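Read off the chains here:
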Amino acid sequence: MANHSTTSSHSRFQQHHFVDAEQQFDAAKMGMWVFLVTEILMFGGLFAAYIVYRLWYPELFVLASEELNTLWGGVNTLVLIGSSLTVAMAIKSAQLNQKRNIAINLGITLALAAIFMVIKYFEYTHKFHLGIFPGEFYTFEGIDHPKANVFFSLYYLMTGLHGIHVTIGMGLMIWLLVRSTKGHFGEEYYTPIEMTGLYWHLVDIIWIFLFPLFYLID
Amino acid sequence: MATAEANPKKIQVQRYEPESDPDKHYLNEETGLWTWLTTVDHKKIGLMYLASITFFFFVGGIMALLVRTELWTPAKTFIEANTYNQLFTLHGAIMIFLFLVPSVPAALGNFFLPLQLGAKDVAFPRLNLLSYYIYVAGAVISIVSIVSGGIDTGWTFYTPYSSTTGGAVTIMTFGVFVIGFSSILTGVNFITTIHKMRAPGLTWDKLSLFSWSLYATSIIQILATPVLAITLALVGMERILGIGIFDPAMGGDPVLYQHFFWFYSHPAVYIMIVPGFGIVSEVITTFSKKHIFGYWAIALSSLAIAFIGFLVWGHHMFVSGQASLATMVFSFLTFLVGIPTGIKMFNWTATLYKGSIKLASPLLYIFGFFFLFLVGGLTGIVLGSIALDVHLHDTYYVVAHFHFVMVGGMVMAFLAGLHYWWPKMIGRMYNETMAKIACGIIFIGFNVTFLPQFVMGSQGMPRRYFNYIEQFQSFHQISTIGSYILGFGFVMIFYYLVKSIFTGEKASPNPWGSRALEWQVNSRPPLHNFHHTPVIVNGPYDYHKPMDEFQLGLAENHNAHSDVNGAEVSVSNEEETSAE
Amino acid sequence: MDALNDLLLPPAKSTLAHQTDTLFWFVHLSSLALTIGLIAVIVYFVYKYRRKSEDEVTPLITHNNTLEVTWSVIPLILVLVVFGWGYKVFMDQQVVPDDAYEIKVTGQKWMWQFTYENGARTNGELHVPADRPIKLIMSSNDVIHSFYVPDYRLKQDVVPGQYTELWFNAKEPGESIIYCTEYCGTAHSDMLGTVVVHEQTDFKTWLAENAGGGSKPEDLAPAEWGEQLAQEYACATCHSTDGSQMTGPTWQGKFGSEEPLADGSSVTVDENYLRESILEPNAKVVQGFPAVMNTYQGQLNEEQINAIIEYIKTLK
């Protein structure tokens, strides 16, 4: 075969078209960063809609924000920040070749993500119970503003899209957990953990923007 | 060999001369339907894209011919108004999302980007295959929407019409949403490939201009397409949940939709045309055997277009009721984006100076591009001027303008690229005489179709009209006749290209005498592109240097992507071919 | 030049139209000069430097900064001229003179409706006095439309939920066509209208005669008036009177017939059903037709509705 693949230092996860593991890692990392840029722009569209409506109806945002539970929102913020820490620790464990710690840290991350989603679930069902649905299904009487449904449409869209990202992240964590228990990761090869970690930090950062924008409006 | 390892600055290289008609190539090293469907080879994926976009080009083209036929008489000719409205909508949506956006980057770009970089594949081959299947899925969803009621919103999906009309708008927007992800992932893949997969010695100043243009295109794809995705998702939500962001009946703002939509869709026209610019640079240098004039001017002007292109979306909205100040700023920026495009035209012309010009069919297509794109670009200046746009907006003038840019510019460049690279892709030559005749037919047919539309538009004929006043009938009829000529030209190309696959003369590895890297491998290329690691010491347009300097590769099992710049290159005496 | 002008541009009938035309010709003629120049250079190069033998070696010419600057700066100056000029003309189109005469314009699928200061109302025909600035205050009842008069070189989108403005000054009495230029559905291309420019005194007379709007002209029978209204209010855009299939059900032989509805039930077409269908079109939609009709509540008065019903009755 071609000259490339005859060198012996290949890890078993190295793909044929890369010259060496370093090139593969660099490419994966760069690709992930570029992908995260596209994610930011996707949320950016919704943030732009948010900004426009907040400029038009500032009083609505103050009124409607009171319906959101700051305590649980705050708890969720802490949960996500904690999970960002544990995912970083999983990467560190891989670099130090502590294979057991990789799995433990990934497991904690997964649990924290699940806690986030459970809290989110209770927040949503509570609002549905009150009749706070998105768009034309909105029936809540408690906010004296004709455009209150638009605020909650934005709330559901933005936290919903974020929730989808958390769920995808949980899927990725499960996949990593399975692979780490098989001993795939170590100091030689931990690209998937690093990439998922980058993704997870982004999910975390987006929530850090969403939380004050919806829950903390005076 | 020992010396090479002892002294990393000195590398041992060898001359590899490509074979024509090799025994083994990417099409026969693995065979069977299943290997095609699961292939991660960028060349096969490129061919699959090529087949798909050709199919959709003809589907969209037939719709265009039906639209033109209906316009033969001022009132109903043979179809109902609602059918007509669906046809022009689908013509636009299919041509833009299923043909133009993926045409050059996903089909030709996929095939030739790794070859031009001296890489074995793109950075993420499996992601590349996934992009293709996402494209197919999006296309299938779009077809589902056509059979389950169709859409009649125009390809722009303007709210509140799109959020209130009947038909399968939700499915169609979902289809386009899905196709968007194909485009995003291809962009991510190409950017990473260009940054990380270049062969030793291939520095940024030796990157081919086609690769530069794909780089600029990918930047636009990753920055603009996510916004389109979320915008179309919002339209879907508007229809399903009535979220009231865009529909004034529920408290929304329809003009906000237009801002969101054009934030993607204006840069999207650069996604469509910028890769075409890359092809022009490749073809002009090859057929004039001349170094490109103003390499950096052309490379950087693509990036300039990519960035300024993001700031001009409001020029689609001069009469929408946006603030006068915004209108002024958008008009100003629109004129600025014209400058880098002009710079390219002048540099290409200057490249011809003192060249050795051979009027082969790819170059002929490029000259077709030159004239048509020039007209398209200059009428863009007309439309960028606010007062003139107030008169011409949403008339046939706009229709003619963007067809000159998209068909006259982009499709002509695509055809030039297709003819230029066909021998490399397929390993066969097409009938050159027929290619020249087809080029002439398309050029004439195109002008007969669209020049009358400039006249109609200036006189005030609005676009998307089923009925029209009788004053315009003769122009419409000339235009319709032109469209038949144009359609015939495209069918002719299809005929002789397909014929060449079976009966074409075998192509030599480098029939045009190009210095570019993709011509230094066999025709057809091997499955993993290069049997050797290519070493690049010259730029892709160094026509003043002898050919054998472009056929160098590492002479040993040397795997590091070390920088060969400044390294002493010693060519081993024995010449070898790259046979395994 | 005049012949060329007539080929490419419609007659200029407003005070500002010639400004647009001058700019139009400036940009097009300078573009034409550039196109001919560049194509001539290319043709010359292709001939002069045609390949004579396959072994030709070309000189290495990589770039020339003076040239690059030249062909960046000169076009830049040119386009900035075009920009400034276009902006200036646009601002003249934007700034409404203080003494402008105001008319309210409403767009809806698929007709234009005009309301005047004294309550007079017209459909499809915009009556204005000559030689006086007219300001249109425009809004839409449903989707986005766009009000376009080629003779005035003017266009403005008409957006639901907000008001947009347009002004012009028609120099001479006469007529000009109005188009809708924002795609708005099935009969988009039939959403036409006419600007009728009167002498100032004639306009005053016309306005006084139509004051209040909506009462039956004395010389017409109710059914005849109904036929006129059906044209004016664009009913005929969707409802044929000869049995042919259009966007809505035909009116021929409809009165007294039994119609199947979209929800599976059926209804007898009588005065009540027709009246309901005009005021609440989506209450009972006939099977096989889209529910796209707008309400005419507030646009037709009782007398007018009755006249239209009388007219439908005559279509056996």
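Residue numbers here run from 1 along each chain, matching the order of that chain's written sequence. Working convention: letters from A go to chains and numbers from 1 go to ligands, in the order in which they are written. Only residues with pLDDT of 70 or above have their local features reported here, since the model is predicted, and side-chain atom pairs are shown and tallied only from 80 upward, although totals for entire chains, interfaces and linings are computed over all residues.

As annotated in an unreviewed UniProt entry, chain C carries the name Cytochrome c oxidase subunit 2 and comes from Fodinibius salsisoli. What the UniProt record of chain C gives under Catalytic activity (unreviewed entry) is the line "4 Fe(II)-[cytochrome c] + O2 + 8 H(+)(in) = 4 Fe(III)-[cytochrome c] + 2 H2O + 4 H(+)(out)". UniProt positions are given in the numbering used here, feature names are shortened, and annotations may be inferred rather than shown by experiment.

Under an unreviewed UniProt entry, chain B has the name Cytochrome c oxidase subunit 1 and belongs to Fodinibius salsisoli. Per its UniProt entry, chain B bears the Pathway (unreviewed entry) comment "Energy metabolism; oxidative phosphorylation." In its Catalytic activity (unreviewed entry) section, the UniProt entry covering chain B states "4 Fe(II)-[cytochrome c] + O2 + 8 H(+)(in) = 4 Fe(III)-[cytochrome c] + 2 H2O + 4 H(+)(out)".

Chemist: Before we go on, may I ask you to explain the UniProt feature "domain: Cytochrome oxidase subunit I profile" (unreviewed entry) in chain B in this structure?
Modeler: Per the UniProt annotation, the sites labelled "domain: Cytochrome oxidase subunit I profile" (unreviewed entry) are residues 28-537 of chain B. Secondary structure elements are defined from DSSP: runs of H or I of at least 4 residues count as helices, runs of E of at least 2 residues count as strands, and each element is numbered from the N terminus. Helix makes up 70% of residues 28-537 of chain B and strand 0%. Its end C-alpha atoms lie 32 Å apart.

Chemist: How do you make sense of unusual backbone geometry when you look at a structure like this?
Modeler: One can expect most non-glycine residues to show negative phi and most peptide bonds to be in trans. For the bond from B:Thr159 to B:Pro160, the omega torsion is -5°, close enough to zero to count as cis. For B:Pro160, the location among the structural elements is in the loop between helix H5 (125-147) and helix H6 (161-164). Backbone torsion omega between C:Lys109 and C:Trp110 reads -10°, so that peptide bond is classified as cis. Tracing the sequence through the fold places C:Trp110 in the loop between strand S1 (101-108) and strand S2 (111-115). Even without being glycine, A:Asn97 reaches a positive phi, approximately 65°.

Chemist: Honestly, the domain arrangement of chain C in this entry has me stumped. Any pointers?
Modeler: In many reports, interface size means the accessible area that the parts give up when they come together. All names here are of chain C. An automatic or database domain assignment is the source of the domain bounds shown. Split into domains, chain C comes out as domain 1 (2-41 + 66-94), domain 2 (101-209) and domain 3 (222-314). Listed by partner, the interface residues are eight residues for domain 1 and twelve residues for domain 2. Following the grouping adopted for this structure description, the nonpolar residues are Ala, Val, Leu, Ile, Met, Phe, Trp, Tyr, Cys and Pro, the charged ones are Asp, Glu, Lys and Arg, and the polar ones are all others, Gly among them. In terms of residue class, the side of domain 1 that touches domain 2 is made up of three nonpolar, four polar and one charged. Here the contact rule is simple: place C-beta atoms from the backbone, and any two residues whose C-beta atoms are within 7 Å are in contact.

Chemist: Can you walk me through helix H14 (residues 396-426) of chain B in this structure?
Modeler: Residue and element names in this part refer to chain B. What we call the bend at a residue is the angle made by axes fitted to the seven residues finishing there and the seven residues starting there. For H14, the principal kink sits at tyrosine 420 and spans about 40°; a proline, proline 423, occurs within the next four residues. In terms of burial, H14 is a largely internal element, 30 of the 31 residues being buried. Once H14 ends, the next one or two residues include glycine 427, with phi positive near 80°. With C-beta atoms placed from the backbone, a residue is labelled by how many other C-beta atoms lie within 10 Å of its own: buried for 20 or more, exposed for 12 or fewer, partly exposed between the two.

Chemist: Looking at this structure, I do not really get the sheet that holds strand S3 (residues 121-123) of chain C. What am I missing?
Modeler: Neighbouring strands of a sheet are bound in pairs by backbone hydrogen bonds; such pairs are parallel or else antiparallel. All names here are of chain C. Two strands are counted as paired when DSSP detects at least two bridges linking them. What the five strands build is an open sheet, ordered S3-S2-S1-S5-S8; its pairing is mixed. Each edge of the sheet is formed by a strand with only one pairing partner; in this case those strands are S3 and strand S8 (164-169). In this sheet, neighbouring strand axes are inclined to one another by 25° on average, regardless of whether the strands run parallel or antiparallel. Bridging between strand S5 (residues 133-140) and S8 involves six bridges; their strand directions are antiparallel. What sits directly across from methionine 138, in S8, is threonine 164. Between N-to-C directions, angles span 0 to 180 degrees; the directions come from axes that are lines fitted to C-alpha atoms, helices contributing only their stretch in contact.

Chemist: What am I meant to see in the interface of chain C and chain B here?
Modeler: Of the residues lining the interface, 72 residues belong to chain C; the matching set on chain B comes to 73 residues. Elements with a minimum of two residues in the side of chain C that touches chain B: helix H1 (2-8), helix H2 (17-48), helix H3 (65-94), strand S6 (145-149) and strand S7 (154-158) of chain C. Per element, the largest residue contribution to the side of chain C that touches chain B is 16 residues, and it comes from H3(C). Its residues placed into classes, the side of chain C that touches chain B shows 42 nonpolar, 21 polar and nine charged.

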